[in-house]
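Chain residues, written in single-letter form:
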Amino acid sequence: MGHDDTIFALSSGAPPAAIAVVRISGPAATEALNDLIGMDIPARSPRVVTVKGTQGNIIDRPLALRFAGPASATGEDVVELHLHGGRAVVDAVLARLGELDGLRQAEPGEFTRRAFENGRLDLLEAEGLADLLAAETETQRRQAMGFASGGVSQAVAAWQDECLTIAARIEAAIDFSDEDDVGDADVAAIHMACAALAAKLAAWLDRPPAERLRDGITVAIAGPPNAGKSTLLNAIAQREAAITAPTAGTTRDIVEVPVAIGGIAYRFADTAGLRDDSDDAVEAIGIARALAAAAEADILVWLGSDDPPTHSATIRIAAQADRRSGVEWDMAVDAADVVVSALTGEGMAALLDAIAGRARDLLPREGDVALNRRQRDTLADVAAALDDAQCARDLLIVAEHLRSAMSAFDRLTGRARTEDMLDALFGRFCIGK
C-alpha cells in the first residue's frame, strides 16, 4: 500500500441500490474528478455533475463532493461520487476510473488504514470501526461505537497525560533536589500518583471481556437423555437446528446455534444426554464433550431432576411440562427455576428472561465499554509497569518504569506500529472501507 498513488472503490453496499457511493482518495483525486466531469468544484460544496465516458457519452449525473486533505476522512484529498445505484452505472464509473493514470482499485481496509497512518484515527478507533461493521446486535453496536467515536481514546489520552505528569514530577524532584537523595515525601507522593493511575486501569481490566459481546454468551443445554434438550434448543432457535427423537442418545455431539435475543448475542449448545451406564464408545465421547461444554459455558441450562454439575450460573428447568405428572414431576418442579414446555410455549418467555438476567451480569454495564484481548493485555502491561514503579525507591528506576508504561500506551493506540497486527486488522474491512 503506497501513499503516492490514488485509490478508488465502491464504498457503499453492492448494487442495485438507490444510491451508490464511489470514493477516490490520494494526490490525484481532484484531477480524476476533473477528468470525469470536465470541471473543478469547490471543496466541501456538493454539486450535481455529469460524468462522461472517454467518447463523451454521459454515464450518470451524480452528486459530487470534494474534500481537501488533511481535513478529510483519510487525511488525503478525497472525492465522493453519489451515483444512481444500478450495476451498469457503477461498473461504468469504476471502469472509467481504472483507465486514468495513477489510479488503482483499493485493497480491503485501505481507506481506513490511510486514515490511521495519516493520524485521522488511532488504532482503538479503527478496531471500533471494524467491530461496528460486523455488529449484528444492539449491544455489539453500542460497544463498537464506544471505540469508533473516540470515547476510549479520550480515556487513554487522559491516562497518558497523568503518566507524563508523574514523569515530569520525577524529573523536577531529581533536577531541583539539593541533596544526593530525594526526600521521602517526594517519593511517597509519586508512588501515590502511580497507585491512583493503576487503580483506574484496574477498574477497566475488571470489566467483562469484549469477546462475550462479539462471539456471544455461551449457553449449554444439558441433562439426562430424553430430557427435552434438543426440542428446547429448536424452540429457542425457532427452527429445526437439532434432530429430535424418542431414542436415547440421539444427540452424540455438540450442536451449536447462534441466536440474538433482546439485542444480546448468544451461542446455545445442545449436548449429549448425560448418563453413567452407556457402553457405546461414540456416545461416551459425546458425554465427555457435553460435560466439557457445560463446564466452559457462561450459563448452564439444566434439564432433569438430578443435581446439575457445579456451575456459577445455572438455570434449572422442569421441562416437558405438557406431558409430565406424578410425584417425581412435582419434586422436579419444586427444584426448578422455570417450568417449561417447548412444544406449547409454556414458560419459554420466563426462561429467556432468566437467561437474559444471567447474561446481563456477564456483560458490560450500560455506558461501559469492554476491552478485547489485545487491549486488555496491553493495558495490563501498563498496570504492571505502574505497580513496579510503586515498589522502586530510586526515582531513576521509577522513571524507567514509567517509560515502559508510556511505551505500552503507544502500543495500545497504535503509535508503536506492529505491521503484522495492522495487516490483520485492516484486512477485516471490505474493499470500499
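Everything numeric in this text was worked out from a predicted model, so none of it was measured.

A.B. asks: Would you mind going over the overall build of the protein chain in detail, with residue names and values included?
C.D. replies: Each helix and strand counted, the protein chain has 15 helices and 14 strands in total. The C-alpha radius of gyration computed for the protein chain amounts to 29 Å, which surpasses the reference 22 Å derived for 433 residues by more than 25%, pointing to a less compact arrangement than a globule. Viewed in the frame of its principal axes, the protein chain has a C-alpha envelope of about 85 × 85 × 35 Å. Looking at the protein chain residue by residue over its 433 residues, the buried ones come to 47%. Across the protein chain, contacts joining residues at least 24 apart in sequence account for 62% of those joining residues at least 6 apart. Summed over its atoms, the accessible surface of the protein chain is roughly 21000 Å², and 51% of this surface lies on carbon and sulfur atoms.

A.B. asks: Account for the sheet that holds strand S3 (residues 47-48), with residues named and values stated.
C.D. replies: Overall, mixed pairing links the six strands, which are arranged S3-S6-S7-S2-S1-S8 in an open sheet. Bordering the open sheet on either side are S3 and strand S8 (103-105), each of which pairs with just one other strand. By the bridge criterion, five bridges tie strand S6 (residues 63-67) to strand S7 (residues 78-85) in an arrangement that is antiparallel. Bridge pairing in S7 places arginine 66 opposite valine 79. Relative to S7, helix H1 (residues 29-37) is tilted by about 40°, and along the sheet it contacts strand S1 (6-10), strand S2 (17-25), S6, S7 and S8.

A.B. asks: Residue-level account of the UniProt feature "binding site: (6S)-5-formyl-5,6,7,8-tetrahydrofolate" (unreviewed entry) in the protein chain, with values.
C.D. replies: Using the residue numbers shown here, the UniProt feature "binding site: (6S)-5-formyl-5,6,7,8-tetrahydrofolate" (unreviewed entry) corresponds to Arg23, Glu80, Arg120 and Lys433. On the secondary structure map, arginine 23 appears in strand S2. Judged by its relative accessible area of 16%, arginine 23 falls in the buried class. If near-sequence neighbours (up to four positions away) are discounted, arginine 23 is found in contact with Ile7, Phe8, Ala9, Ser11, Val78, Val79, Glu80, Phe111 and Gly432. Relative to the elements of secondary structure, lysine 433 occurs in the segment after helix H15 (419-426). Accessibility expressed as a relative area gives 25% for lysine 433, which makes it partly exposed. Apart from the residues within four sequence positions on either side, lysine 433 is in contact with Gly109, Glu110, Phe111, Thr112, Leu129 and Leu133.

A.B. asks: Tell me about the domain arrangement of the protein chain, residues and numbers included.
C.D. replies: Taken domain by domain, the protein chain consists of domain 1 (6-121), domain 2 (126-207 + 371-414) and domain 3 (212-362). Centre-to-centre, using C-alpha coordinates, domain 1 lies 52 Å away from domain 3.

A.B. asks: Could you give me a rundown of the packing of helix H6 (residues 151-175) against helix H14 (residues 395-413), with the residues and numbers involved?
C.D. replies: As a packed pair, H6 and H14 sit with axes 10 Å apart at the nearest point and diverge in direction by 160°. In terms of their interaxial angle, H6 and H14 are classed as roughly antiparallel. The way H6 lies across H14 gives a crossing that is left-handed. Counted together, Val156, Trp159, Gln160, Cys163, Leu164, Ile166, Ala167, Ile170, Ala173 and Ile174 of H6 and Leu395, Leu396, Val398, Ala399, Leu402, Ala405, Met406, Phe409, Asp410, Leu412 and Thr413 of H14 form the full contact between these two elements. Residue composition of the contact of H6 with H14, grouped by class: 18 nonpolar, two polar and one charged.

A.B. asks: How would you explain the nonpolar core if you had to name every residue and give the values?
C.D. replies: Considering soluble globular proteins, one finds that nonpolar side chains tend to be buried as a cluster. Formed by 36 residues in total, the largest nonpolar core has its most connected members in Trp159 and Phe409. Where this core is concerned, the elements lending two or more residues are H6, helix H7 (184-205), helix H13 (373-391) and H14. It is H14 that provides the largest number of residues to this core, a total of nine residues. If we skip the residues at most four places from it in the chain, tryptophan 159 touches Leu197, Lys200, Leu201, Trp204, Leu379 and Phe409.

A.B. asks: An account of the pairing of strand S10 (residues 255-261) is requested, with residue identities and associated values reported.
C.D. replies: Both S10 and strand S11 (residues 264-270) contribute to a ladder of seven bridges, which runs antiparallel. When the bridges of S11 are listed, alanine 260 appears paired with alanine 265. What sits between the antiparallel neighbours S10 and S11 is a turn of two residues, in which glycine 262 has the positive phi angle 60°.

A.B. asks: With reference to specific residues and values, describe the packing of aromatic side chains.
C.D. replies: Summed over the entire model, instances satisfying the criterion amount to two aromatic pairs. Taken together, a centroid distance of 5.3 Å and an interplanar angle of 90° make the contact between tryptophan 159 and tryptophan 204 edge-to-face. A residue pair is termed long-range when its members are at least 10 positions apart, and tryptophan 159 in helix H6 and tryptophan 204 in helix H7 qualify at 45 residues. Taking the relative accessible area as the measure of exposure, tryptophan 159 reaches 6% and is therefore buried. On the basis of an interplanar angle of 40° and a centroid distance of 5.5 Å, the ring pair of tyrosine 266 and phenylalanine 268 is categorised as tilted. Each member of the pair, tyrosine 266 as well as phenylalanine 268, carries the same accessibility label: buried.

Rules used in this analysis
Residues numbered from 1 in each chain as written. Predicted model: local features only at pLDDT ≥ 70, side-chain atom pairs only at ≥ 80, totals over all residues. Heavy atoms only, no water. Helix = DSSP H or I, 4+ residues; strand = E, 2+ residues; numbered from the N terminus. Rg over C-alpha atoms; globule rule 2.2 N^0.38 Å. Buried < 20%, exposed > 50% of the residue type's maximum accessible area, 1.4 Å probe, protein only. Contact = heavy atoms within 4.5 Å. Areas by Shrake-Rupley, 256 points an atom, 1.4 Å probe, with all protein chains shown as cover. Pairing = 2+ DSSP bridges. Axes fitted to C-alpha atoms, helices over the stretch in contact; angles between N-to-C directions. UniProt positions renumbered as here; feature names shortened; annotations may be inferred. Domains from an automatic or database assignment. Parallel < 35°, antiparallel > 145°, perpendicular 65-115°, else oblique. Left-handed = near helix turned anticlockwise from the far one by under 90°. Nonpolar A, V, L, I, M, F, W, Y, C, P; charged D, E, K, R; others polar. Core = buried A, V, L, I, M, F, W, Y, C linked by side-chain atoms within 4.5 Å. Phe/Tyr/Trp six-rings, centres within 6.5 Å; stacked < 30°, edge-to-face > 60°.

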